Amino acid sequence: MSFPWARHYEPKNPLMKWVDDRLPLPRFVYNAVGAGYPVPRNLNYFWNFGVLAGVALVCQIVTGIVLAMHFHSDAAGAFDSVNIGIMRDVNAGWFLRFAHANGASMFFIVLYIHMFRGLYYGSYKPPREMIWLLGVVIFLLTMATAFMGYVLPWGQMSFWGAQVITGFFSAIPVVGDWVRIWLLGGYAPDDATLNRFFSLHYLLPFVILGAVILHIWALHIPGSGNPTGVEVKGEQDTVPFHPYYTAKDGFGVGVFMIIFAFLIFFAPDYLGHPDNYIPANPISTPAHIVPEWYFWPFYAILRAFTADFILPAKLWGVLAMFGSILILFFLPWLDKSPVRSGNFRPMYRIAFWVLVLDVLILGYCGGSPAEPVYVILSQIAAAYYFAHFLIIVPIISRLERPKPLPNSITEAVLGDHGGSRISESAMSA
Amino acid sequence: MATLEDGVPPDQTVGPGGELLENPRRRDYLTYAAASVAVVGAGVVVLPLVNSMNPDAATLAQSSTEVDVSAIEPGQAIKTLFRKQPLFVRNLTPAEVAEAQAVPISELRDPQTLEDRTLEGHRNWLITLGVCTHLGCVPLGAGEGENRGPFGGYFCPCHGSAYDTAARIRQGPAPKNLEVPKYAFTSATVVVVG
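Help me understand the domain arrangement of chain B in this model?
Interface size is commonly expressed as the accessible area that is lost once the parts come together. Each assigned domain of chain B is listed here: domain 1 (12-51) and domain 2 (61-193). A C-alpha centroid distance of 58 Å is found between domain 1 of chain B and domain 2 of chain B.

Rendered as structure tokens:
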């Protein structure tokens, strides 16, 4: 859908007209990210992060395709092809690899901000549930892709990460061991594992790209949300995506690239783990296995279960870890408040910031060794995480008395002056 | 299709007013039959794709390992590889054997006696996979000077699982004892595992 006042595509030169008549791709682009897409006029910088996630995905695909040209996917040669071949021998290989490794971190940074933006501003609420559901699918696919990519350099953390993560599946009752052996293609991570992970690591980004297209398609049905959570009521509430938000997003991309470049050139290994510069050794486990930082909150939830309760502790940990993401699929139906934006929900706003803090605590515990103090802290934080979605949010949405909403986006932006404009146009409409 | 009257085309039937109607049952039958063939066909094609991801012949071929245990003194252990997984071969001291035998079986998460886990006449030889049953790390305790944990057997540094001197799980998140592979002594000092 588009708003009735959306501008219509008119090809400016004969060639574009010729193309548009036969394949309306220029029209499609114009209506999707051009002047033909009306967007609320009041978006703040948190609305940059969807585009930034797209930019990060493209960076990963481009650097990844070139890196794949230099990578050897066999257990004997993978480590050297990365650490000697790509890092030392391939022209600018060090740059490509650091861009790809830090690009994954940048991807997750913007993804997490994008998701918390959605949580704060109620972006998952009707009529935008499908966008949110597709977003959770993209998140899961991105996690799978990142995990398999981390295995490819075949260092100690790669190998033991593969061992531990595929070990999750052995927690499944009855068929678990068979599933794990099937996933690995052997009894321990080896050539078969490395090759299939490489194959899937190359495939999944394109699956993500497909899911992103669906995500944007679903977004264009109701149009973008906005910080007030009030729906667009008339033309005065919107501006065309181009040039207004292409410019604003362009500025965001500039800031993103500065931070990205800083990581690549000045702190390329800051977010990595030094043990991954040790070649994989199947008979020696590193003293402290940790995944990459972006998995720490989930790793903490996994480790929080230490006692058997009906089911074995190991199965509980795995169920809770997957459950902590799957629960997001149900959020549109757990939060019944008709008010979208956290700006007008005094209780929800507090719960939101406590959740942010809770996830940061989980992340800190997930990156720490499995010592009692961190385990207890993870248990409390994991319990709170689930309580937030299953208890606190549903209760708040019943009890809370929201603040009065502005009559329109324009009123929120311009105050009384805008209010009079909207009432005039509402009467004329 | 005994209800079909003479002269009515096979894909049609006679309605209540004598008019010819399409025979829905015949259409449904064809649709279901065609769809079933397609589903079975798809299943038959998926099977080799899924099966190809199982361990291949080369992986399965490494299924037995011979270990010479003559150099392992009581109290010592070695790490070797069995099916590309770490294998612990440990020569228990008489004190460790007695300690394992003294544990009441009711206290165990995965109840097994030392006798279940070692061979008659070779009670001091504790042969297990070095794969923690929690998430697959290699526990410490087989190497010289490594931390053997609070129960004197093995200790997994990843998530804190502790095993006793029969490699039984005693503390931490692991659900099972360290796996004992099939093995046999072919002489006093040679073990064939697998």
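After that view of the structure, there is still more to cover.
Looking at this structure, I do not really get the pairing of strand β6 (residues 125-129) of chain B. What am I missing?
Along any regular strand the residues' side chains alternate between the sheet's two faces. Residues and elements named next belong to chain B. Where burial is concerned, most of β6 is hidden: 4 out of the 5 residues are buried. Across 5 bridges, the pairing between strand β5 (residues 85-91) and β6 is antiparallel. In the strand pairing of β6, Val89 is matched with Ile127.

Any chance you could explain unusual backbone geometry here in plain terms?
Backbone phi values are negative for most residues with the exception of glycine, while trans is the configuration of most peptide bonds. Residues and elements named next belong to chain A. A cis amide bond links Pro126 to the next residue, Pro127, at an omega of 5°. Along the chain, the position of Pro127 falls in the loop between α5 (93-120) and α6 (129-151). Here the bond from His242 into Pro243 is cis, since omega is 10°, no more than 30 degrees from zero. Despite not being glycine, Ala92 has its phi angle at roughly 60°, a positive value. Looking at the element boundaries, Ala92 is found in the loop between α4 (78-89) and α5. The exposed category is assigned to Ala92, around which 10 C-beta atoms lie within 10 Å. Look at Val174: it is not a glycine, yet its phi comes out positive at around 65°.

In this structure, what is going on with the sheet that holds strand β4 (residues 77-82) of chain B? I would like to understand it.
Across a sheet, strands are paired by hydrogen bonds formed along the backbone, either parallel or antiparallel in direction. Residue and element names in this part refer to chain B. The antiparallel open sheet is built from 3 strands, whose spatial order is β4-β5-β6. The two strands at the open ends of the sheet, each matched to only one other strand, are β4 and β6. Between one strand axis and the next, the sheet turns through 20° on average, direction left out of account.

Can you walk me through the confidence of the model for chain B in this structure?
Do not read the fine detail of predicted coordinates wherever pLDDT is low. Across chain B, pLDDT averages 87, with 92% of residues at or above 70. Interface confidence in the predicted complex, given as ipTM, is 0.76; pTM for the same model is 0.87.

Procedures and definitions
- Residues numbered from 1 in each chain as written.
- Chains lettered and ligands numbered in written order.
- Predicted model: local features only at pLDDT ≥ 70, side-chain atom pairs only at ≥ 80, totals over all residues.
- Domains from an automatic or database assignment.
- Buried ≥ 20, exposed ≤ 12 C-beta atoms within 10 Å, placed from the backbone.
- Helix = DSSP H or I, 4+ residues; strand = E, 2+ residues; numbered from the N terminus.
- Pairing = 2+ DSSP bridges.
- Axes fitted to C-alpha atoms, helices over the stretch in contact; angles between N-to-C directions.
- pLDDT = per-residue confidence, 0-100.

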